[in-house]
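Here's the letter readout for the chains.
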Amino acid sequence: MHGDETVGRELLLHLIEHLVTNDGKDVEITNLINSTRIHLMPSMNPDGFEAVVKPDCFYSNGRENSNYYDLNRNFPDAFELNNVSRQPETAAVMEWLKTETFVLSANLHGGALVASYPFDNGVPATGTLYSRSITPDDDVFQYLAHTYASRNPTMKKGDQCKTKMNFPNGITNGYSWYPLKGGMQDYNYIWAQCFEITLELSCCKYPHEEKLPFFWNKNKASLIEYIKQVHLGVKGQVFDQNGNPLPNVIVEVQNRKHICPYRTNKFGEYYLLLLPGSYIINVTVPGHDPYLTNVVIPEKSQNFSALKKDILLPFRVQLDSIPVSNPSCSKIPLYSDLPSQSEATKPSLFLFLVTVFHIFVK
């Protein structure tokens, strides 16, 4: 989790304190810490934050870094060329993403009150003809955004910022709100295999100091519940028939392939965030036919753990035959050559169904 503006920084500092002071005392927090690697970055743009001399509710001259670049427009973009000078902060985060197997993340902002999910940019193949841009994991992203917003009593109303548009149930597709090129949210999902949403936490970018505890009280339950969602779906390791873990092999779910295929890490581990249901996992190793295996994600997740499913392939693999990196995933507009339309990009009823479920089951 990472934030820059006043509310986001304050919330993450409160979250750090809440986690460390309740470890060993609160059962939920203790189980969460014992089962989850949690990384918190209170600010990606410290220079911009310090540059604010006279705080303003609706405008921030601290949006840019010391080189006058907006860091949330500074990442490679999968839809159009983002020909800007890559900033040190951006480059550092991109390198950081390579060092860990991040699965779920959120970035915290101010100026609105909504949970926004990918894509922020798009092309007709991702649904822009329908005024949105959806990922192959749209059902999961809507669920994640709703998980956060539904536990924030103000955000879930969707209309609390009088100068902003209304957001049903407090969530929105990023592109539907406004297109954004070079954002971290899309970059994390496409190139880092990490599901990220954007949390806009306050109508006012710089609220008065005495109001800051109010935001922690409104967001505490949402933050904790959101972190727990990293244990959705299925995880495991991929082995060849000799029991060797296989790094950098493609592990994808049929019918939701990513433009940059998701791969195992250096330990042969894979993580797929999925909602309850039946899926077919496709494992692809160079020089071999795809290996298919079925998995059923139960309705109730296991205790702070995704479903564990190791995959033992029925053949031996020469590790030197597996490429070190995926040449198709260079930092270029990967979506530029896709067909203009897809059935998967048509608007779905998932948001409505989730809303009904929560109303009647809680």
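In every chain, residue numbers begin from 1 and rise along the written sequence. The model is predicted, so local features are restricted to residues of pLDDT at least 70 and side-chain atom pairs to those at 80 or more, both for listing and for counting; the totals for chains, interfaces and linings are taken over all residues. Excluded from the side-chain calculation are hydrogens and water; included are all heavy atoms of the structure.

1. Some remarks on the overall build of the protein
Phase 1: On a plain count of helices and strands, the protein comes out with 9 helices and 12 strands.
Phase 2: Three exposure classes are used, based on accessible area relative to the maximum for each residue type with a 1.4 Å probe and protein chains only: buried under 20%, partly exposed in between, and exposed over 50%. Sorting the 362 residues of the protein into buried and exposed places 52% on the buried side.
Phase 3: The long-range fraction of contacts in the protein, counting pairs at least 24 apart against all pairs at least 6 apart in sequence, stands at 73%.
Phase 4: Note on areas: Shrake-Rupley, 1.4 Å probe, and residue coverage restricted to the protein chains presented here. Accessible surface, the protein: about 17400 Å² in total, of which carbon and sulfur atoms supply 54%. Counting from the N terminus, the helices are DSSP H or I runs at least four residues long and the strands are E runs at least two residues long. Between two residues, a contact is recorded if the distance between any of their heavy atoms is within 4.5 Å.

2. So, the confidence of the model for the protein
Phase 1: The quantity called pLDDT is the predictor's confidence in a given residue, expressed from 0 to 100. On average, the protein scores 88 in pLDDT, and the residues at 70 or more come to 90%.
Phase 2: In this model, residues 347-362 is a region of pLDDT below 50 whose contacts with residues beyond four sequence positions or in other chains number 18 contacts.

3. Observations regarding the UniProt feature "active site" (unreviewed entry) in the protein
Phase 1: Listed under "active site" (unreviewed entry) in the UniProt record, and renumbered for this structure, are Glu 200.
Phase 2: Relative to the helices and strands, Glu 200 resides in strand S5 (residues 195-202).
Phase 3: Taking the relative accessible area as the measure of exposure, Glu 200 reaches 8% and is therefore buried.
Phase 4: Among all residues touching Glu 200, those that are not within four sequence positions of it are His 109, Gly 110, Gly 111, Ala 112, Leu 113, Val 114, Met 155 and Trp 177. UniProt positions are given in the numbering used here, feature names are shortened, and annotations may be inferred rather than shown by experiment.

4. Here's the deal with the side chain of Thr 198
Phase 1: Note that Thr 198 resides in strand S5.
Phase 2: For Thr 198, a relative accessible area of 8% gives the class buried.
Phase 3: The residues contacting Thr 198, other than those within four sequence positions of it, are Asn 107, His 109, Val 114, Ala 115, Ser 116 and Gln 185.

5. A closer look at the sheet that holds strand S10 (residues 291-297)
Phase 1: Taken in spatial order, the 3 strands line up as S7-S9-S10 in an open sheet, and their pairing is antiparallel. With one partner strand each, in any of the chains shown, strand S7 (250-253) and S10 form the two edges of the open sheet. For this sheet, the mean angle separating the axes of adjacent strands, direction not counted, is 25 degrees. By definition, two strands form a pair when at least two bridges between them are found by DSSP. An axis is simply a line fitted to the C-alpha atoms; with a helix, the fit covers only the stretch in contact. Between two such axes, the angle follows the N-to-C directions and lies from 0 to 180 degrees.

6. Some details on a nonpolar patch on the surface
Phase 1: Distance thresholds for patches are 9 Å for like charges and 5 Å for nonpolar side chains (Val, Leu, Ile, Met, Phe, Trp, Tyr), applied to residues having over 30% relative accessible area and no salt bridge. For this analysis, a salt bridge means a side-chain nitrogen from Lys or Arg found within 4 Å of a carboxyl oxygen belonging to Asp or Glu. Judged by side-chain polarity, Leu 13, Ile 16 and Val 20 come together as a nonpolar surface patch covering roughly 260 Å² of accessible area.
Phase 2: Assignment of secondary structure puts Val 20 in helix H1 (residues 6-22).
Phase 3: The class for Val 20 is exposed, based on a relative accessible area of 57%.

7. Let's talk about the packing of helix H2 (residues 27-35) against helix H8 (residues 212-228)
Phase 1: Two numbers describe how H2 lies on H8: the axes approach to 11 Å, and their chain directions differ by 40 degrees. Judged by the angle between their axes, H2 and H8 are oblique. The two elements H2 and H8 cross, and the hand of that crossing is left-handed. Listed contacts from H8 to Glu 28, Ile 29 and Leu 32 of H2 are Ile 224, Ile 227 and Lys 228.
Phase 2: Partitioned by chemical class, the residues of the contact of H2 with H8 number 4 nonpolar, no polar and 2 charged. Each angle gets one of four labels, with under 35 degrees taken as roughly parallel, over 145 as roughly antiparallel, 65 to 115 as roughly perpendicular, and the rest as oblique. Should the near helix be turned counterclockwise from the far one by less than a right angle, the crossing is left-handed, whereas a clockwise turn marks it as right-handed. Side-chain classes follow a simple rule in which Ala, Val, Leu, Ile, Met, Phe, Trp, Tyr, Cys and Pro form the nonpolar group, Asp, Glu, Lys and Arg form the charged group, and the remainder, Gly included, forms the polar group.

8. Notes on helix H4 (residues 88-99)
Phase 1: End to end, H4 covers 17 Å across 12 residues, agreeing with the expected 16 Å (1.5 Å per residue, within 8%).
Phase 2: For H4, the complete set of buried residues consists of Glu 89, Thr 90, Val 93, Met 94 and Leu 97. Along the long axis of H4, the arc covered by the buried residues comes to 135 degrees, so they all point the same way. Facing away from the buried surface of H4 by more than 90 degrees, the exposed residues are Pro 88, Lys 98 and Thr 99.
Phase 3: The inward-facing, buried residues of H4 abut helix H3 (46-51) and helix H7 (184-191). Here a helix's expected span is defined as the number of its residues, less one, multiplied by 1.5 Å. Our arc is simply the arc of the directions from the helix axis toward the C-beta atoms.

9. As for H1
Helical geometry note: an α-helix holds 3.6 residues per turn, so side chains three or four residues apart project in the same direction.
Phase 1: Spanning 17 residues, H1 covers 24 Å between terminal C-alpha atoms, matching the ideal 24 Å at 1.5 Å per step.
Phase 2: Count one or two residues on from H1 and you reach Gly 24, which has phi positive near 85 degrees.

10. Considerations on the environment of Arg 151
Phase 1: Among the secondary structure elements, Arg 151 is positioned in the loop between helix H5 (138-149) and strand S4 (171-173).
Phase 2: Among all residues touching Arg 151, those that are not within four sequence positions of it are Lys 218, Ala 221, Ser 222 and Glu 225.
Phase 3: N or O atoms within 3.5 Å of each other form a polar contact, as long as, within protein, one can give a hydrogen and the other can take it, and as long as residues adjacent in sequence are counted only when both atoms are side-chain atoms. For Arg 151, the side chain forms a polar contact with the side chain of Ser 150, separated by 3.3 Å.

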